[in-house]
Amino acid sequence: MRWRRGLGRWFFRWRWLTLVSFTALMIVVALETLWVDPDLEHYFSQQDYPEEHQMVSRSRHYLQQALGKMAVAEGAYVDWPVVEFDLVRAYVLFDIGFYHQQYRCTEGAVRQLDQLIDAVQKRRAPMAHQATQRVLPIIECMTTVEEGQFVRRATSAAKLAQQMRHRQNMMLLGSLAIYILGIVFWAMHEWQHRESRWALRERRDWMQKAMRDPLTGAGNRHALQRDVHHQVYTHSAVILMDIDYFKQYNDQLGHPSGDQLLCQLAESLPLWSSVPTRVYRLGGDEFALLVDVKDVEALGKLCQELQEAMRLAAIPHPGHPGHRYVTLSIGASMVAREAFAEGYSAADNALYVVKREGRNGWQLADVSASPDRLAKDEYISEFSDIEH
Ligand SMILES: Nc1nc2c(ncn2[C@@H]2O[C@H](COP(=O)(O)OP(=O)(O)OP(=O)(O)O)[C@@H](O)[C@H]2O)c(=O)[nH]1
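The chain is annotated in an unreviewed UniProt entry as diguanylate cyclase from Terasakiispira papahanaumokuakeensis. In its Catalytic activity (unreviewed entry) section, the UniProt record describing the chain reads: "2 GTP = 3',3'-c-di-GMP + 2 diphosphate".

Further remarks concern the sheet that holds strand β2 (residues 277–283). Strand order in the open sheet formed by five strands is β2-β3-β1-β4-β5, with mixed pairing between adjacent strands. The strands lining the two open edges of the sheet, one partner per strand, are β2 and β5 (361–364). The average undirected angle you get between the axes of adjacent strands in this sheet is 20 degrees. Pairing analysis gives four bridges linking strand β4 (residues 328–334) to β5, with the strands arranged parallel. What sits directly across from I330, in β5, is W362. Helix α10 (residues 255–272) contacts β2 and β3 (286–291) of the sheet and is inclined by roughly 155 degrees relative to β2. Running over the sheet, helix α11 (residues 296–313) touches β1 (237–243), β3, β4 and β5 and is turned about 165 degrees from β4.

Close to the ligand lie 16 residues; F246, K247, H255, G258 and G284 are nearest. At the level of secondary structure, the elements contributing two or more residues to the shell around the ligand comprise β1, α9 (246–253) and α10. Its residues assigned to classes, the shell around the ligand shows five nonpolar, four polar and seven charged.

Take the environment of Q260 next. With respect to the helices and strands, Q260 occurs in helix α10. Taking the C-alpha atoms as reference points, Q260 and L215, 45 residues apart in sequence, are found 9.0 Å from one another.

Rules and cut-offs
- All residue numbers refer to positions counted from 1 along the written sequence of the respective chain.
- Where local features are concerned, this predicted model is filtered to residues with pLDDT of at least 70; where side-chain atom pairs are given and counted, the filter is 80 or more; whole-chain, interface and lining totals use all residues.
- UniProt positions are given in the numbering used here, feature names are shortened, and annotations may be inferred rather than shown by experiment.
- DSSP-based pairing: two strands are paired if at least 2 bridges between them are found.
- In DSSP terms, a helix is any run of H or I states spanning at least four residues, a strand is any run of E spanning at least two, and both are numbered starting from the N terminus.
- To get an axis, fit a line to the C-alpha atoms, keeping to the stretch in contact for a helix; angles then go from 0 to 180 degrees between the N-to-C directions.
- Whether two residues are in contact is decided by their C-beta atoms, placed from the backbone, lying within 7 Å.
- Only the C-beta atom, placed from the backbone, is used; a residue is near a molecule or strand if that atom lies within 6 Å of it.
- Basically, the charged four are Asp, Glu, Lys and Arg, the nonpolar ten are Ala, Val, Leu, Ile, Met, Phe, Trp, Tyr, Cys and Pro, and anything else, Gly included, counts as polar.

Structure below.
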């Protein structure tokens, strides 16, 4: 039993598993939100990360636009302010500190662009092919920067993918651990459930045993109290009986034979009774019967039947001074609802009278029984708290 109690205590610690698994689940979900979401946002928004901006591409676009206008206008009218505006926009978008730090060609390319703007401002614009010659290194540089940017983005995407994979693995492992905890908890809960069912059954068995007389299997005094208290059985009368000279029976035939006689009687009494009957062994050779009879006449008839049946059974009793067979002394009383204690006491008085007057007989309760005998009767106190 000790190991069971130990296991029980251990289980109650394991009940914390529910809390642990739910907390772990919450942490995993929170981490997922804290880690993955900002990374994705960073990758796709690029709002606060100038190094990721594709300004060089826009710069190239304006530069090519200006170059195109100059080429189209060779020998004809040139809208120089517009060309200048495109070039300035290209310049501004290319003259970024980050490009200067990361790409060496930027320095020279920006200077060349500056000179080109200068020439256009002074309307000393080169012919288209000259302009192309000048712009070519700038475009080359821009291409280098664009490639660099592309590589940077590819690297950043690969890094993000790697991080995501790593976190997915962690999530998977975390979920697996939580799942295992859940399974363990479920198993422990199932085990505990079985244990408590077993304990309940055992308790019920013990309670039933506690209500039985171990020798005869009949109900004991507690069972009588319980049955009367809970009215599990409808009865209108109580019969108390005692084997005559049982001590001598034991002395002559031995205790095992005495035990056998008690068992035989407990088994036979309900069969001998012509009305619904419950048998209880109160102790020693004393039995109580709860019976359901119509009235006092029927109760008297039943007592007579029981004695007759005992006589017909003709169980030898070598120690009996009068007869050579087992005889019974019987006292009986009708019991009113709500007043079992009084009925019981009256039946006991009647039994006492039979014993005093020579045994082997039956007596119905005299309702005007001596108050003295009632007062000192132990059963009064025992059953006085029972309400029918
Ligand atoms: N075999 C056996 N004897 C028991 C058991 N319980 C009590 N007894 C015996 O039952 C006897 C009861 O004796 P008494 O109370 O004097 O009753 P009695 O001998 O029947 O005398 P009267 O009732 O006056 O006729 C005692 O000798 C007890 O030892 C039991 O479980 N088995």
